[in-house]
Amino acid sequence: MPSAPLLQLDRLSTHYVSAQGTRIVRAVDEVSLSLNAGETLGIVGESGSGKSTLALTLLRVLPPAARIVGGRMLLDGEDLVQKSDVEMREIRGKKIAMILQDPMASLNPLFTIGNQVAEPIQVHEGARRKTAWERARALLKAVRIQSPEARVKQYPHEMSGGMRQRIVGAIGISCEPRLLIADEPTTSLDLTIQAQYLNLLRELQREHGLALIFITHNLGIVAKMCDQLAVMYAGRVVESGPVSRIFNAPTHPYTEALLNSIPRMSDPDQRLTAIDGQPPNLAALPPGCAFAPRCLQAVPRCREAAPPPFVPEEGRTARCWLAEPSVAPADQRVASGAI
Amino acid sequence: MALIEAIDIAKHFSARRNAFGGERGVVRAVDGISFAIEQGQTLGIVGESGCGKTTTAKLVLGLEEPSGGTMRFEGRDLRTLDGAGRREYRKSIQAVFQDPYASLNPRMRIGAIIAEPLVTNEKVTADEVRARVAELLDLVGLPAHAADLFPHEFSGGQRQRIAIARALALSPKLIVLDEPVSALDVSIRAQILNLLRDLQARLGLSYLFIAHDLAAVAHMSHMIAVMYLGKIVESGEARSLARAPKHPYTEALFSAALPNHPDDRREEIILPGEVPSPINPPSGCRFHPRCPRAMPGCAEQPPALQVVGSGRVACYLYDSVETDRAAAPIAAG
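Residues numbered from 1 in each chain as written. Chains lettered and ligands numbered in written order. Predicted model: local features only at pLDDT ≥ 70, side-chain atom pairs only at ≥ 80, totals over all residues.

## Remarks on the overall build of chain A
A count of helices and strands for chain A gives 11 helices and 11 strands. Over its C-alpha atoms chain A spans a radius of gyration of 21 Å, differing by no more than 12% from the 20 Å that the globule rule assigns to 339 residues. Counting only C-alpha atoms, chain A reaches 70 × 50 × 45 Å along its principal axes. By the burial criterion, 46% of the 339 residues in chain A qualify as buried. A separation threshold of at least 6 residues defines the contact pool for chain A, and within that pool the share at least 24 residues apart is 63%. (Helix = DSSP H or I, 4+ residues; strand = E, 2+ residues; numbered from the N terminus. Rg over C-alpha atoms; globule rule 2.2 N^0.38 Å. Buried ≥ 20, exposed ≤ 12 C-beta atoms within 10 Å, placed from the backbone. Contact = placed C-beta atoms within 7 Å.)

## Side note on the overall build of chain B
When you go through chain B residue by residue, the secondary structure sums to nine helices and 12 strands. Here the C-alpha radius of gyration of chain B, 21 Å, is about what a compact globule of 333 residues would show, namely 20 Å. Taking the principal axes of its C-alpha atoms as reference, chain B extends roughly 70 × 55 × 45 Å. Out of the 333 residues belonging to chain B, those deemed buried represent 47%.

## Quick word on helix α9 (residues 248-256) of chain B
The buried count for α9 of chain B comes to seven of nine residues, which makes it a mostly enclosed element. All of the buried residues along α9 of chain B are Pro248, Tyr249, Thr250, Ala252, Leu253, Phe254 and Ala256 of chain B. Contacts from the buried residues of α9 of chain B go to α8 (191-208) of chain A together with β3 (42-46), α7 (214-220), β9 (223-228), β10 (231-237) and α8 (238-243) of chain B.

## Some remarks on the sheet that holds β9 of chain B
Residue and element names in this part refer to chain B. The mixed open sheet is built from eight strands, whose spatial order is β6-β7-β8-β3-β9-β10-β12-β11. The open sheet is flanked by β6 (93-96) and β11 (306-308), the only strands paired with a single partner. When the angles between neighbouring strand axes are averaged without regard to direction, this sheet yields 25°. Pairing of β11 with strand β12 (residues 311-313) involves three bridges; the strand directions are antiparallel. (Pairing = 2+ DSSP bridges. Axes fitted to C-alpha atoms, helices over the stretch in contact; angles between N-to-C directions.)

## Some thoughts on the sheet that holds strand β8 (residues 211-216) of chain A
Residues and elements named next belong to chain A. One open sheet accounts for seven strands, arranged β6-β7-β8-β3-β9-β10-β11; its pairing is mixed. Edge positions in the sheet fall to β6 (96-99) and β11 (317-318), since each has one partner strand and no second. Looking at chain direction, β6 and strand β7 (residues 179-183) are connected through four bridges and run parallel. From the neighbouring strand, Ile96 faces β7, where its bridge partner is Leu179.

## Brief notes about helix α1 (residues 51-59) of chain A
Think of an α-helix as 3.6 residues a turn; residues three or four steps apart then line up on the same face. Along α1 of chain A, the residues classified as buried are Lys51, Thr53, Leu54, Ala55, Thr57 and Leu58 of chain A. Positioned one or two residues after α1 of chain A, Arg60 of chain A has a phi angle of 55°, which is positive.

## Some words on the pairing of β10 of chain B
Residues and elements named next belong to chain B. Within β10, six of the seven residues are buried, which leaves it mostly tucked inside the rest of the structure. Both β9 and β10 contribute to a ladder of six bridges, which runs antiparallel. Bridge pairing links Ala225 to Ser235 in β10. Between β9 and the antiparallel strand that follows it, β10, lie two residues; Leu229 among them carries a positive phi value of about 50°. Pairing between β10 and β12: two bridges, direction antiparallel. Across the sheet, the residue bridging to Glu234 is Val313, located in β12.

## So, the environment of Pro156 of chain A
Residues and elements named next belong to chain A. By the element assignment, Pro156 lies in the loop between α6 (148-151) and α7 (161-173). On the neighbour-count criterion, Pro156 (20 C-beta atoms within 10 Å) is buried. Residues Pro156 and Arg264 lie 108 residues apart in sequence; the distance between their C-alpha atoms is 37 Å. Leave out the neighbours within four places in its chain, and Pro156 touches Leu107, Pro109, Ile113 and Arg164.

## Describing the packing of helix α4 (residues 113-125) of chain A against α7 of chain A
In a packed pair of helices, the relevant descriptors are the angle between the two axes and the axis-to-axis distance. All names here are of chain A. Viewed as axis vectors pointing N to C, α4 and α7 meet at an angle of 25°, and their least axial separation amounts to 7 Å. With respect to their mutual orientation, α4 and α7 come out roughly parallel. Facing α4, whose interface residues are Ile113, Gln116, Val117 and Pro120, α7 presents Ile167, Ala170 and Ile171. Considering only residue class, the contact of α4 with α7 consists of six nonpolar, one polar and no charged. (Parallel < 35°, antiparallel > 145°, perpendicular 65-115°, else oblique. Nonpolar A, V, L, I, M, F, W, Y, C, P; charged D, E, K, R; others polar.)

## A closer look at the nonpolar core
In terms of nonpolar packing, the biggest core is built from 192 residues, with Ile181, Ile213, Phe214 and Val222 of chain A together with Leu208 and Val226 of chain B touching the most fellow members. Per-element accounting of this core gives the leading share, seven residues, to strand β2 (residues 21-37) of chain B. Excluding residues within four positions of it along the chain, Val222 of chain A makes contact with Gly42, Val44, Phe214, Thr216, Leu229 and Val243 of chain A. (Core = buried A, V, L, I, M, F, W, Y, C linked by C-beta atoms within 7 Å.)

## Regarding the interface of chain A and chain B
With 35 residues of chain A at the interface, the matching set in chain B holds 36 residues. Elements with a contribution of two residues or more to the side of chain A that touches chain B: α8, α9 (219-225) and α10 (243-248) of chain A. Element by element, the count of residues in the side of chain A that touches chain B is highest for α8 of chain A, at seven residues. Class assignment of the residues belonging to the side of chain A that touches chain B gives a composition of 16 nonpolar, 14 polar and five charged.

## Quick notes on unusual backbone geometry
Residues and elements named next belong to chain B. Backbone geometry places Glu74, a non-glycine residue, at a positive phi of 50°. In this structure, Glu74 sits in the loop between β4 (68-73) and β5 (76-77). In the Ramachandran plot, Ser171 falls in the positive-phi region, its phi being about 45° despite a non-glycine side chain. You can see Ser171 is positioned in the loop between α5 (156-168) and β7 (174-178).

## A short note on the confidence of the model for chain B
All names here are of chain B. Of the residues in chain B, 93% have a pLDDT of 70 or more, and the chain-wide mean is 89. Note that pLDDT drops below 50 for residues 321-329; the model gives that stretch 17 contacts with residues more than four away or on any other chain. Confidence metrics for the complex model read pTM 0.86 and ipTM 0.81. (pLDDT = per-residue confidence, 0-100.)

Right under this line is the structure:
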């Protein structure tokens, strides 16, 4: 096969189960996605949509209450769900790396920068300390840290927020992973520093042929950085496909509403389309489509049965009855009343 | 007459270099800025961390005393106000903060939270308080029975509505909005921004709007002031400033804003380095070490804010264009 995707998720589900086993939260529910090497996927969702649990699932670093209850995740054709913990430890940091939101919390304040950047190289590649430190200096240079010779001997508190985030990025790429997952990597950074950082990530991606996953609530980051987009709502991917096609013609009403709710610099007089209501409680989801109670285009069927992922066009999916190939005519749609 | 006017105000803090004393420095958090907010209008302040936005908000709220300059409220110098005048000023200016999880007392019922400013500032009967709370809840789109509930029973967006209701309790003239939507979910932000705009139209409120999200500031504001290291580098009517920024910093800032659409490809100006410390700001124009268009003279004298087109810019690039060095504050057109 010429181009098997690097990562393929097939109906992956992760649930949180309460101690008595009575309450189940479907944080990630039948998620299917694929990503090619060198491509960037944006996973967008609000708090509680399951996007961060999905990232933890990919790395298999879930909290004790969470279980992968079904599905497969193939990285280079190997199913990570079936890997033992020992095997996963070899993959984490080596083949899949992650950048977390808060660079203050992802660096250990008691170790020097050099130690922390060199550690994965020593662990995964069995490199000697001296070689690992040499690589660390090269990596710091690659992430545009000035005078890396001096910086490797310093501690995290001696760096600014933007520098720390770049160091976390250097640790992420230290073992040349195939896939880099960035969970809200720039939310704690200022605008001009965010622009620097996003450009840096894009250059690193180009140089190393990295596949990138951006987990974010910010559609602007998706518009700027991503090729593919997956919109999550209440644990499910409600829409996925190429970024520009989704932005030009969203299929799912939730995606459409999200795109219309953002203020635009070009049109300050527009009235923002607010999405009424609140994101649902994952432990008590409504029957049918989870977005139906907030959806302006909901039909009675939406409240009865959850829509499967339809394929409105090649390369796109949408979990919405309106995207069903033989879609209901407009007159059957009823305006949603409050539930 | 502007509702509130700041003329060359400054706030300096003294800072110790380390826990054992050592050399002392002065943090020039706000270093001589002038602005005005008209009744019923919004002034947006944008800038990165450490530029002095929040200190400016505190100065307006009267939570900090300015180290220099004059603040005027409805034409009266704040320093000349007596105790009663000062109380009246404080009642006219209220605030809504970023985190609605931290700004509401978890042990108080919503009714008590909203009524607190009333009870502490005015002589009101229990019935009047109840009626006013119901009215305020209605104003922000919450049901009347919310008054009997506790903050944990509400979502982030609803909590922010409660915080807005509390800010409205004393019928203020100006509300300081410090990142009012950045802690909220994307689908909820538009609800709150729309509510704030509706309230402004209905009650004739003025806002001082501080946020990182440039598109939200441009959406909400009539005037925008861009701050860098304690100084206003550019100010002007919101739309023209957002469309055609003049100061190289404003240009870079707006070019770094994230696009709305993947096809929206614009030229990006990536600034080198980071914002320097306000303890020892660069000489001359404070932006010159990062400025892509810096000239030899920029490091010497700080440029004055001068009228350029419809706004004001503090940059030597515009020196030859027009020279109006009158230090008049910016005002909404």
